[in-house]
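Single-letter residue listing:
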Amino acid sequence: MTDATVVLDPTAERSPAERARLARPPSLDGRTVGLLDISKPRGDVFLDRLEALLADRGVSVQRYRKPTFTRIAPTELKQQISDECDVVVEGLAD
Amino acid sequence: MFDMPDGLIVVAKRDCPTCALIEPLLNDLRRAGDGLTVYVQDDPAYAADVSGAVLDDTLEASYRLNIEIVPTLIRVENGHEVERTYGWHRGDWQRISGVESLGAELPEMRPGCGSKSLDPGVAEELAVRFGGDNLKSRRVELGEAEDAIEALYDRGWTDGLPVVPPTPARVLRMLQGTPRSPDEVLGNVPPDLAPCTVEKVAVNAVMAGCKPEYMPLVLAAVEAALIDEFGMHGLLCTTMFAGPVVVANGPAARAVGMNSGINALGQGNRANATIGRALQLVIRNVGGGRPGEIDRSALGNPGKYTFCFAEAEDSDWEPLSVERGFSRGTSTVTLFPGEGVQGIVDQKSRTPESLARSFAASLLAVDNVKMAMAGDAMLVVSPEHSRVFTEAGWSKARLREELERLLERPGEELIAGAGGIAEGLPESLAAGKTIPKFRPEGLLIVRAGGTAGLFSAIIAGWAASGPVGSTPVTKEVDA
């Protein structure tokens, strides 16, 4: 176990030290939403419902599935999602 | 908090022969009755039979007591140090301890050893751990699961290559490379015009991979970039190619092993690579100048990672620094707003006249053969080419005069549309005139490169040269 690394900020410190989250899109108009099933039981039930709700609003949806929730997504899948989608929703829990 | 115990303090390490020499005296000191504390830096077996011996494995006591040499003997009264000695000097130890016969059987004097608190790299770690670093930059704690290199990428602090994590200890070590105060402000870095301290330069120099000894050159390069005539803001923002090219002259460049020889404009030399990179990281991180944001370069050039080399000075040609008004032997950095490297291959010219014509014809391509008085140029002459001139008795100034003469052209050739090329000068400016390719003082000549190869190089300048854009600047390197 090592101490947490502390580094000195190399910038002019005009933005917060905490990394900001990516800005949320103001609306989903014209955007593609990816729904990622991580292969946990009944994740598909949750995502099916989301897909129906999004489709009602005219939002285009792409479905994806990780082979197993025990490992991080394969690189190819991550690249495919970032290429095809503007927004991703993951179903994380049972 | 560390409280200095009253009485006598001895700081020692087992690894030191002089400390071993005085080890048998420690119980004599304890019996003297004033109170004795022995801080042992390395091994609890030292002074194991002496009550009052403490293992100083964190070196906090050694750090707080400013120990440089072991053994050190200190007398403390009412929480204040009144006297100290280091090494073994019998008279001093007897006087400070008040034990008249102390070590009577020992030699009169033995020098001590270096304190572990001053082992290479340790002093800075101790200063950070015990709160003595005085660094002002915001401390950013990385998550335990974060890889430091990746974390710095995620924060947008790199140029695309990995950077060295700027830990406080590394920054303290970097600051050892300059006598200047960390809080000294060098100026305001464009585009954000953010004040830049020596400390912020050190943080970015660590990230760039500099050694502390490079700091004087890095500081000079940053200060040069902030000189108004250099126009760093515009140079950064332009849609054109250029970025700052750093040329070092004088003993400072040699002292840190900068490359002026084989592959001088290329990769492989730490000083060249990291000094130029440190300047770019200061612009990026302190100034906020990032590509795609304020940096609008259409194509950029690979020198925007780093572009820094030293002139191969010789006795025959005046160094760039001397041409620019500094005395020979003065260390300088010159900043030139440069693009990439265009080679001039001439393996046949054996006379200065022929080689000058070869250079001139090649220099016409800067910006565009139809343009003139736009970008400056830096001509980098290799040793095999410079020899053609020096053996014929041509100085740098003589070569420049000849090039300037050869680079004058009839305006008619340069008018927009002439030669079937729409690019060119307005007729009103060019017709009936002789037009020089470069503005006065717009052609810089530097000698560099390996000793084999009849090749020289053109580093074209930003097309906005002089007062409308950028003028090369030279700054002396402070010791």
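Here, the structure is the one placed above.
These notes cover the structure that comes with them. Everything numeric here is computed off the predicted structure, so don't read it as measured data.

Looking along a regular strand, one sees the side chains alternate between the two faces of the sheet. Residues and elements named next belong to chain B. Among the seven residues in strand 13 (residues 243-249), seven count as buried, and that is most of the element. Pairing geometry for strand 13 and strand 15 (residues 332-345), over seven bridges, is antiparallel. Across the sheet, Ala248 pairs through a bridge with Val333, a residue of strand 15.

As a further point, take the sheet that holds strand 6 (residues 80-86) of chain B. Through backbone hydrogen bonds, the strands of a sheet pair up, either in parallel or in antiparallel fashion. Residues and elements named next belong to chain B. Ordered in space as 3-2-1-5-6, the five strands form an open sheet in which the pairing is mixed. The open sheet has two free edges, formed respectively by strand 3 (53-55) and strand 6, since each of these has just one partner strand. Between one strand axis and the next, the sheet turns by 20° as a mean value, whatever way the strands run. Bridge count for strand 1 (residues 7-12) against strand 5 (residues 72-77) is five bridges, and the pairing is antiparallel. Residue pairing across strands places Leu8 opposite Arg75, the latter belonging to strand 5. Sheet strands touched by helix 4 (residues 90-97): strand 1, strand 5 and strand 6. Its angle to strand 6, the strand with the most contacts, is close to 160°.

Turning our attention to the interface of chain B and chain A. The interface of chain B with chain A comprises 27 residues on the first partner and 12 residues on the second. The set of elements that each furnish at least two residues to the side of chain B that touches chain A consists of strand 10 (139-141), helix 6 (148-154), helix 7 (168-175), helix 8 (198-208) and helix 12 (270-286) of chain B. Considered class by class, the residues forming the side of chain B that touches chain A number 14 nonpolar, five polar and eight charged. Inspection of the sheet shows strand 1 (residues 6-8) of chain A paired to strand 10 of chain B by three bridges, in the antiparallel sense. Residue pairing across strands places A:Leu8 opposite B:Arg139, the latter belonging to strand 10 of chain B.

All names here are of chain A. Spatially, the three strands line up as an open sheet ordered 3-2-4, and their pairing is parallel. Here the strands that pair on one side only, and so sit at the sheet edges, are strand 3 (60-65) and strand 4 (87-91). Put simply, the sheet's adjacent strands are angled 25° from each other on average, direction ignored. Here six bridges tie strand 2 (residues 32-37) to strand 3, and the two strands are oriented parallel to one another. Residue Leu36 lies in a different strand from strand 3, and its bridge partner there is Tyr64. In this fold helix 1 (residues 43-56) packs onto strand 2, strand 3 and strand 4, with an angle of close to 170° to the strand it touches most, strand 2. Here helix 2 (residues 75-84) sits on the sheet in contact with strand 2, strand 3 and strand 4, set at roughly 155° to strand 2.

How each quantity is defined
Residues numbered from 1 in each chain as written. Chains lettered and ligands numbered in written order. Predicted model: local features only at pLDDT ≥ 70, side-chain atom pairs only at ≥ 80, totals over all residues. Buried ≥ 20, exposed ≤ 12 C-beta atoms within 10 Å, placed from the backbone. Helix = DSSP H or I, 4+ residues; strand = E, 2+ residues; numbered from the N terminus. Pairing = 2+ DSSP bridges. Axes fitted to C-alpha atoms, helices over the stretch in contact; angles between N-to-C directions. Contact = placed C-beta atoms within 7 Å. Nonpolar A, V, L, I, M, F, W, Y, C, P; charged D, E, K, R; others polar.

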